[in-house]
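Given next are the chains, with one letter for each unit.
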Amino acid sequence: MRNIYADNAATTKLSPVALEKMMPYLTEVYGNPSSLYGIGQEAKKAVEDARANIAKNLGAKHPSEIYFTSGGSESDNWALKGICHRLKARGKNHIITSKFEHHAILHTCKALEKEGFEVTYLDVYEKGIVRPEDVEKAIREDTAIVSIMYANNEIGTIQPIAEIGKICKEHKVLFHTDAVQAAGYCKINVAEQNIDLMSMTAHKIHGPKGCGLLYIRKGILIDNLIEGGAQERGKRAGTENIAGIIGLDAALQIAVDTMDERNKKLSKLRDKLIDGLLKIERSRVNGDRVNRLPNNVNMCFEGIEGESLLLRLEFAGISASSGSACTSGSLDPSHVLLAIGLPHEIAHGSTRMTFDDSTTEEDIDYILETVPKIVKTLRDMSPLWENIKKGEKSGAKFVN
């Protein structure tokens, strides 16, 4: 039986190159970077070299603008809470975000609302794209920060980040983007795109779990995340995850160096899979087909439950998901699919498949052979399918 891993948006396999570069810092150069002796200073130099290289690859002007964290969720929390708590004293108590952000942003916004902040949640419309003009209309005198994700983690739509960044700069409002899914697939230049704060993590780009970063533009004042030490310029205390940082640097470098060729290959596989799955009766692709991550396929099949589809895919040797890994235990339909206008019953029948450069055309052929059979089996078992075929409307637009 085949074993096809199609959930790279949830996490990725650690790169052998990244692992090889990490190993000395797990076994030999294990000193604390805050120590004055040899192996401590060697570890410190490795961290600072990685910081400088990462800054270069993200278009940051200064290595000191890169702050290492445990991952994307921590970085998102720090960006919003750190800025909002700092600016509240200046009367800035308004936040702008979108309705389909990662829960690390949405739940943080809800927590800040309990502290008295007001949040504007922008629409993303049918194709899952935030409109820059909506951002501009929402900006007020008391707006502290705008936070719009670079690419959606479920439907893969890429947002007009440069346009939003330009608007925020013109209105002198800070702009944060969650680039966890975009890093390694989109050409990011924080300086040119007027990004003030940016979150990313290593394990989405074949780096290790437990290491990420928050880019903070030089001159921006933000509250400390963790007190208790001088690490990360006093902003985030705690001994650095040296091996993780080395792995993050290595993985990002590989992703940047191979981006164009890899994206070309993945886009071709993505489009072949989408075109093939759209031949299934009453199927639809979720999100824009053009402004989309090259490795993301998110589909709905009317008349079935997504969980049943995933289980049968697993039995067939295909690992996929129904959306965000952070909400996999929830029985509620995806907030992302609801945000683009899908009714609950359709949103429940979704599946997300995300690939990497190890995915082959034979893998796509096998998925195209397998999914239609599973959908047919599940529909044959469903009493609702007969009613759907008789013409009952679902409220969602389907291709066929």
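Treat the numbers as computed from the prediction; the structure is a model and nothing was measured.

Caption draft 1: Quick peek at helix α8 (residues 306-315). Along α8, the positions that sit buried rather than exposed are Gly306, Leu309, Leu310 and Leu313. The arc that holds the buried residues of α8, viewed along the axis, is 100 degrees, so those residues lie on one side. The exposed residues of α8 that point more than 90 degrees off its buried face are Leu311 and Phe315. Looking at the packing, one finds that the buried side of α8 touches β10 (296-301), β11 (318-319), β12 (350-354) and α11 (361-381). Immediately beyond the C-terminal end of α8, within one or two residues, lies Gly317, with a positive phi of roughly 90 degrees.

Caption draft 2: Seen up close, unusual backbone geometry. Of note, Asn194 is a non-glycine position whose phi angle comes to about 55 degrees, a positive value. On the secondary structure map, Asn194 appears in the loop between β6 (174-178) and β7 (197-201). What makes Asn194 buried here is its relative accessible area of 16%. Non-glycine residue Arg233 carries a positive phi angle of around 55 degrees. Topologically, Arg233 is positioned in the loop between β8 (212-216) and α7 (242-277).

Caption draft 3: The arrangement of the packing of aromatic side chains in detail. Under the counting rule described, the total for this entry stands at one aromatic pair. Measuring from ring centre to ring centre gives 5.7 Å for Tyr67 and Trp78, while their planes differ by 85 degrees; the resulting arrangement is edge-to-face. One end of the pair, Tyr67, is in strand β2 (residues 66-69); the other, Trp78, is in helix α3 (residues 72-87), and eleven residues separate them in sequence. Residue classification places Trp78 among the buried positions, given a relative accessible area of 2%.

Caption draft 4: Inspection of the sheet that holds β12 at higher detail. If you trace the three strands from one edge of the open sheet to the other, you get β9-β10-β12, paired in antiparallel fashion. Either end of the sheet is taken by a strand with one partner, and the two such strands are β9 (283-285) and β12. Between one strand and the next, the sheet's axes are offset by a mean angle of 25 degrees, whatever the strand orientation. In the sheet, β10 pairs with β12 via five bridges, with the strands oriented antiparallel. Along β12, the bridge assignment pairs Met299 with Thr351. α7 rests against β9, β10 and β12 of the sheet, and its axis sits at about 10 degrees to β10.

Caption draft 5: Broad picture of the sheet that holds β7. Strand order in the open sheet formed by seven strands is β2-β8-β7-β6-β5-β3-β4, with mixed pairing between adjacent strands. Each having just a single partner strand, β2 and β4 (118-122) make up the two edges of the open sheet. Sheet twist, expressed as the mean angle between neighbouring strand axes with direction ignored, is 20 degrees. Packing of α7 onto the sheet brings it into contact with β2, β7 and β8, and relative to β7 it is tilted by some 95 degrees.

The rules behind each value
Residues numbered from 1 in each chain as written. Predicted model: local features only at pLDDT ≥ 70, side-chain atom pairs only at ≥ 80, totals over all residues. Heavy atoms only, no water. Buried < 20%, exposed > 50% of the residue type's maximum accessible area, 1.4 Å probe, protein only. Helix = DSSP H or I, 4+ residues; strand = E, 2+ residues; numbered from the N terminus. Arc of directions from axis to C-beta. Contact = heavy atoms within 4.5 Å. Phe/Tyr/Trp six-rings, centres within 6.5 Å; stacked < 30°, edge-to-face > 60°. Pairing = 2+ DSSP bridges. Axes fitted to C-alpha atoms, helices over the stretch in contact; angles between N-to-C directions.

Note that all results are geometric; they support no functional claim without further evidence.
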